[in-house]
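# Observations on the model geometry
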Amino acid sequence: MLSYILRRVLSTVPVMAIVALFVFSLLYIAPGDPAAVIAGDQASPADVERIRQGLGLDRPFLVQFGSWLWHILHGDLGTSIFTNLPVSALIAQRIEPTLSLMVLTLGLAIVIAVPLGVVAAWKAGSWVDHTIMAFAVLAFSFPVFVVGYVLAYVFALGLEWLPVQGYTPLAEGIWPWLQNLILPAVALGCVDVALIARITRASMLEVLQQDYIRTARAKGLDRRSILFVHALKNAAVPIVTVIGIGVALLIGGAVVTESVFAIPGLGRLTIDAILRRDYPVIQGIVLLFSFLYVLVNLVVDVIYTLVDPRIRY
Amino acid sequence: MTVSTTSTVPVPPGLAIAPPLPDLLLPVKVRRGVMGFLRNHPTVAIGGGLLLCLVLVGIFAPYLWTVDPTALAPARRTRAPSALYWFGTDMLGRDLYSRVLYGARVSLTVGLSVAALASLAGLAIGLVSGFVRWADGIVMRFMDGLMSIPPILLAVALMALTRGSVGNVILAITVAEIPRVSRLVRSVVLSLREQPYVDAATASGTRTPMIILRHILPNTLAPMLVQATYICASAMIVESILSFIGAGTPPTIPSWGNIMAEGRALWQVKPYIVFFPAAFLSVTVLAVNLLGDGLRDALDPRMAKGL
């Protein structure tokens, strides 16, 4: 078990190296002259040259990649072109709202989606099942900012139950923090709820047809313990996998959700960086989120072995 | 199908004749032709029909009582929807109805192009890594890395380095979608390679390119088609997100994401500016998703039960 986890941890190193190499080479494989694009239309040739040197585009690819990687391994993600502050400091300032939003959304999505999927599988073919699945298709089709605007319009502007926009740090109390995050989390979570509910239903349908479920029923076990203890445990592997995939959707969606609800997180930082063409900041954020995603996949794989001891690689 | 129970041969004594087969074994009514297929799979009909309508709207946008979608008219800014301005006007006085209809062109072009390009590229990469053993490891590790970068962020990073144009948006989203398609094709190829008919073809001396063309390729088409519809839906959402956060199509082109980005500042007082493009985008994505779900059920009946 321990040796498996250790091997799995080590196997993330090459993946992370490829991610780093790819994110770095974007500068070189992008069509046109990135230094000129970043500098903008009004820039003088001297400005372009300054940016080219700042990005290291005047040095050979491998030399630059080596020094860039060396700095990253020491926690230095480079310097913002626009503010001249270290990228890692900029990210550290903005990471709390984004992490809060993502953790809350993921928790909410799992708590809602898994029971929905279980009920849909149990009532397969009934109107309950059809309603849940129709909702899943709808939730999958409505882009996060559409859901966000509708929710904000109804619950914040119309009913005035919750604040329209903004963010309160967790340090100022749980309720103010939660109040600002409920609507964004629901908007962002819709896609994940749809995804997780669909897979839960599919996986449960398969498990519910197996003999030991019939045995459990014949023994007279109550329905809830059959569904949530016996069946769900064996249906868990695909569900855990799809939760991992859901994290990738969350990362992309968070950028947009933050802009709809004016949350000062990494999404806001990304958008500001795009408007100013502050490439080192974008690069740092992409790297950070990619590493986060690789870590999530690592955790998912380790959870596999806990859920299903037969799985060994 | 009829079963004859009368026999001209004289029946030997002691041998009973089986009673006629019940109708249960007769084949169910098979619907044929395009219309029959659509009647059997109503989600394909609904999704496909909606999508077709939207494509027609995009193509014939200039003839659907629209005006120039970029014509400024500061005198009639932010008018609410009325008989004159069906969807209202934005803060520069541009007619939203015209802008939303022209916006269909951008979304559909991006969605369909990305679906086609990503499918072709993914097909090529998947076939190579499914058949060339030494390339498989390298290509798949590379795809693992690429897949670890969230698609929207990858597209954002690419867009930050290039000038905003519809072509670059298509390219950026395609790059982000390729790993998933090539994974799918590779897994299909790997399972097809083990099929007895492929062994038989190899044994009878068929060359690898011919095996790929004749036996592998046709079998990858069904899952690819389903995957392509999902890519189309996701590409349209990513395009609108990119435009919405300012990294997509240039603001001079009316795309749904751009219209929403412009309406963002005013959405609390003039919600219709955001509402109309949002509604169109949602319906379009829904249509493509319905089409995809229907095609999946139609092409792979085993999946229909599960999902």
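As a reminder, the structure under discussion sits directly above these lines.
What comes next is a walk through the structure.

Conventions and cut-offs
- Residues numbered from 1 in each chain as written.
- Chains lettered and ligands numbered in written order.
- Predicted model: local features only at pLDDT ≥ 70, side-chain atom pairs only at ≥ 80, totals over all residues.
- Axes fitted to C-alpha atoms, helices over the stretch in contact; angles between N-to-C directions.
- Helix = DSSP H or I, 4+ residues; strand = E, 2+ residues; numbered from the N terminus.
- Left-handed = near helix turned anticlockwise from the far one by under 90°.
- Contact = placed C-beta atoms within 7 Å.
- Nonpolar A, V, L, I, M, F, W, Y, C, P; charged D, E, K, R; others polar.
- Expected span 1.5 Å × (residues − 1).
- Bend = angle between axes of the 7 residues up to and from the residue.
- Parallel < 35°, antiparallel > 145°, perpendicular 65-115°, else oblique.

### Let's talk about the packing of helix α3 (residues 96-131) of chain B against helix α8 (residues 208-244) of chain B
Residue and element names in this part refer to chain B. The geometry of α3 relative to α8 is characterised by a closest axis approach of 7 Å and an angle of 145° between their N-to-C directions. Remark: the crossing between α3 and α8 carries right-handed chirality. Here Ser-107, Val-110, Gly-111, Leu-112, Val-114, Ala-115, Ala-118, Ser-119, Leu-123, Leu-127 and Phe-131 of α3 come into contact with α8, specifically with Thr-208, Ile-212, Thr-220, Met-224, Ala-228, Ile-231, Cys-232, Ala-235, Met-236, Glu-239 and Ser-240. Residues of the contact of α3 with α8, tallied by class, amount to 15 nonpolar, six polar and one charged.

### Overview of helix α5 (residues 87-122) of chain A
Here α5 of chain A is 36 residues long and its end C-alpha atoms lie 50 Å apart, about the 52 Å a rise of 1.5 Å per residue gives. The largest bend in α5 of chain A comes to about 50°, at Ile-95 of chain A, with the proline Pro-97 of chain A one to four residues further on.

### As for the interface of chain A and chain B
Of the residues lining the interface, 48 residues belong to chain A; the matching set on chain B comes to 40 residues. Going through the elements one at a time, α1 (2-29), α2 (34-39), α6 (127-141), α7 (144-158), α8 (174-208), α11 (236-260), α12 (266-275) and α13 (279-307) of chain A are the ones with two or more residues in the side of chain A that touches chain B. Per element, the largest residue contribution to the side of chain A that touches chain B is nine residues, and it comes from α13 of chain A. Looking at the side of chain A that touches chain B residue by residue, the class counts come to 38 nonpolar, seven polar and three charged.

### Considerations on the packing of α7 of chain A against α11 of chain A
Residue and element names in this part refer to chain A. Across the interface, α7 lies against α11 with an axial gap of 9 Å and an inter-helix angle of 30°. As summarised for this structure, α7 and α11 are arranged roughly parallel, according to the angle between their axes. Seen from above, α7 lies across α11 with right-handed handedness. The residues of α11 that touch α7, namely those facing Val-144, Phe-145, Gly-148 and Tyr-149, are Gly-253, Val-256, Thr-257 and Val-260. A per-class count over the contact of α7 with α11 returns five nonpolar, three polar and no charged.

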